[in-house]
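Listed below, chain by chain, are the residues.
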Amino acid sequence: MTPDPFAHFLESIQALITGGIGLAESLMQPGWRQYQMFILLGLALVSWGLHHASGSWLQNWVRSREGWSKWQLRMVVQVKRRLGLMWFAALAGAVYLVMQNITWPSRSYLIGIFATLVAVWVCIAFAARLVRNRPMRRLVTWGLWIYATLYALNVVDDVSAFLDSVALSVGDFRLSLLTVITALVVIGLFFSVARIISQTSAATIRKNEDISPSMQVLAVKGVQLTLYGVAFFMGVKAVGIDLTGLAVLSGAIGVGLGFGLQKVVSNLVSGIIILIDKSIKPGDVISLGDTFGWIQTLGARYASVVTRDGKEYLIPNEDLITGQVVNWSHSNDFVRLDIYFGTAYDDDPHVVRKLAVDAASGVDRVLSFKAPVCHIVGFGDSSVDYILRFWIKDPTGGLTNIRGNVYLALWDTFKENGISIPFPQREVKMLDDSKLALSRITPEGPADGG
């Protein structure tokens, strides 16, 4: 009859607790176990002192250096935080090796265990820095620390048997807790490798100037999707999970996600369409409703639009496909702007047009090879109305400010040349009493008929 893994695990835990109690009792009595604990406490105090001394020296040494990159400074910070553990692992390891050669091996057993555990913990802490996501990094760190501790205590097989006994069985499909944990670890490792490869590939693609910005984004997204997909399926296969048993369940989940995530899928598809047809690309200046700015990034779900006042709008990709978007720099960066003004009827319109063109041509950002033009557009109640048109090539620099500069140039030019800018005026005439009474008499007689 096959033994129950859960019962075997409980027996192992009970034996471990009993051994721990016995170890605690032995530490209270004079002997080499107690001596080893005193040695470990002494090493901890020495390591604490060395941590502060070497940490101050390392900090001063780094400050004397120049031109270090950010990743080097981050690495120095991580080393400084763990100097105490590194000193303890080194000193404990040295004491363990010395005691192994000059006395009985059993008299340095605890020192060897602590030296090994601390050294492994330090290595895990540094290796976990490869994981960028902070919650995931903590999960990986604690998981590896727990495994290293269980391995040092020689209880890995018992814990594995217990975790494998906790399982979900559906027909021929069996999914145990041990399989899930193993799958998460393996897939996490594959994802880390995929992330490093994708970052390297993305940097290479972005450096290629022969590829348009929109195609660069599409290529980077395609590489990331492919690498992460391959990493997931390789991790699942490496663990030994048979995906055919989950075909029906995954189909039901897919239908539910299809109904619940329609907008998300729509935005994803819209983002792919935008990248393929190149209608909008990073750096373009667009207007969407009351939002005016330039495309900062194109994501899988939204586009980041930065306005002149520093606000960043996250516009869903679906709105860019279904709504009316004004792309000021779709085919080129040239943008024509119009401003309206009026002058008095006493001013010669030929002179006004020439002065307006000269004033606009002298403003920074106004293109000279696309010369400004000025036309009469109507005769108003109190002024002759004009339109002044000019071109710029940098809409990201703003539109309101360049219009304001052209208006100021017109104002200064008109002041220097005596051109007046009229404004609506009304004349009010006050009639005296005799004229007011006379106006009340009609040709047929008095207004009251008398």
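Residues numbered from 1 in each chain as written. Predicted model: local features only at pLDDT ≥ 70, side-chain atom pairs only at ≥ 80, totals over all residues. Heavy atoms only, no water.

### As for the sheet that holds strand β4 (residues 291–298)
Each strand in a sheet pairs with another by means of backbone hydrogen bonds, the pair being arranged parallel or else antiparallel.
Logical step 1: What the five strands build is an open sheet, ordered β6-β5-β4-β3-β7; its pairing is antiparallel. On the outer flanks of this sheet lie β6 (312–316) and β7 (326–327), each paired with one strand and no other.
Logical step 2: Of the strand pairs in this sheet, strand β3 (residues 285–288) and β7 are connected by two bridges, and their pairing is antiparallel. The partner of Ile286 across the bridge, within β7, is Asn327. (Pairing = 2+ DSSP bridges. Helix = DSSP H or I, 4+ residues; strand = E, 2+ residues; numbered from the N terminus.)

### A few points about empty space enclosed by the protein
Logical step 1: In this structure the tally under the stated criterion is one cavity of 30 Å³ or more.
Logical step 2: Taken as a whole, the largest cavity holds about 30 Å³ of empty space.
Logical step 3: Surrounding the largest cavity, Val217, Gly271, Ile274, Leu275, Leu298, Gly299 and Asn317 form its lining.
Logical step 4: In terms of residues, the lining of the largest cavity owes the most to one element, helix α11 (residues 262–277), which gives three residues.
Logical step 5: Among the residues making up the lining of the largest cavity, the classes are represented as four nonpolar, three polar and no charged. (1 Å grid on protein atoms, 1.4 Å probe; cavity = no way out; pocket = protein on both sides within 12 Å on 5 of 7 lines; lining within 4 Å. Points joined across faces, edges and corners; volume = space filled by probe spheres on them. Nonpolar A, V, L, I, M, F, W, Y, C, P; charged D, E, K, R; others polar.)

### Details of the UniProt feature "transmembrane region" (unreviewed entry) in the protein
Logical step 1: The sites that UniProt annotates as "transmembrane region" (unreviewed entry) are residues 37–62, 83–102, 108–127, 139–156, 176–197, 218–237 and 243–261.
Logical step 2: For residues 37–62, the helix share is 100%, the strand share is 0%, and the end-to-end C-alpha distance is 36 Å.
Logical step 3: Taken end to end, residues 108–127 has its terminal C-alpha atoms 29 Å apart, with 95% of it in helix and 0% in strand. (UniProt positions renumbered as here; feature names shortened; annotations may be inferred.)

### Thoughts on a positive patch on the surface
Logical step 1: Side chains of Lys70, Arg74, Arg81, Arg129, Arg132, Arg134 and Arg138 sit close together on the surface and give a patch of like positive charge.
Logical step 2: Those elements giving two or more residues to the positive patch turn out to be α3 (70–81) and α6 (134–152).
Logical step 3: In terms of residue count, the dominant contributor to the positive patch is α3 (three residues).
Logical step 4: Structurally, Arg132 can be placed in the loop between α5 (109–127) and α6. (Patch = residues over 30% accessible without salt bridge, like charges linked within 9 Å, V, L, I, M, F, W, Y side chains within 5 Å. Areas by Shrake-Rupley, 256 points an atom, 1.4 Å probe, with all protein chains shown as cover. Salt bridge = Lys/Arg side-chain N within 4 Å of Asp/Glu carboxyl O. Lys, Arg positive; Asp, Glu negative; His and termini not counted. Charge placed at Lys NZ, Arg CZ, Asp CG, Glu CD.)

### Focus: the nonpolar core
Logical step 1: Counting 24 residues, the largest nonpolar core has Phe341, Leu388, Phe390, Val406 and Leu410 as the members making the most contacts within it.
Logical step 2: Non-local contacts of Phe390, meaning those with residues more than four positions away in its chain, are made with Val335, Arg336, Leu337, Ile339, Val366, Pro372, Ile402 and Val406.
Logical step 3: Counting 12 residues, the second largest nonpolar core, distinct from the first, contains Ile295, Val305, Ile315 and Leu320. (Core = buried A, V, L, I, M, F, W, Y, C linked by side-chain atoms within 4.5 Å. Buried < 20%, exposed > 50% of the residue type's maximum accessible area, 1.4 Å probe, protein only. Contact = heavy atoms within 4.5 Å.)

### Considering the packing of α5 against α6
Logical step 1: Orientation of α5 relative to α6, taken along the N-to-C sense of each, is 160°, at an axis distance of 10 Å. With respect to α6, the element α5 is oriented roughly antiparallel. When you trace α5 past α6, the crossing you get is right-handed. In this structure, α5 contributes Leu117, Val120, Trp121, Ile124 and Ala125 to the contact, and α6 contributes Thr141, Leu144, Trp145, Ala148, Thr149 and Ala152.
Logical step 2: For the contact of α5 with α6, the class distribution of residues is nine nonpolar, two polar and no charged. (Axes fitted to C-alpha atoms, helices over the stretch in contact; angles between N-to-C directions. Parallel < 35°, antiparallel > 145°, perpendicular 65-115°, else oblique. Left-handed = near helix turned anticlockwise from the far one by under 90°.)

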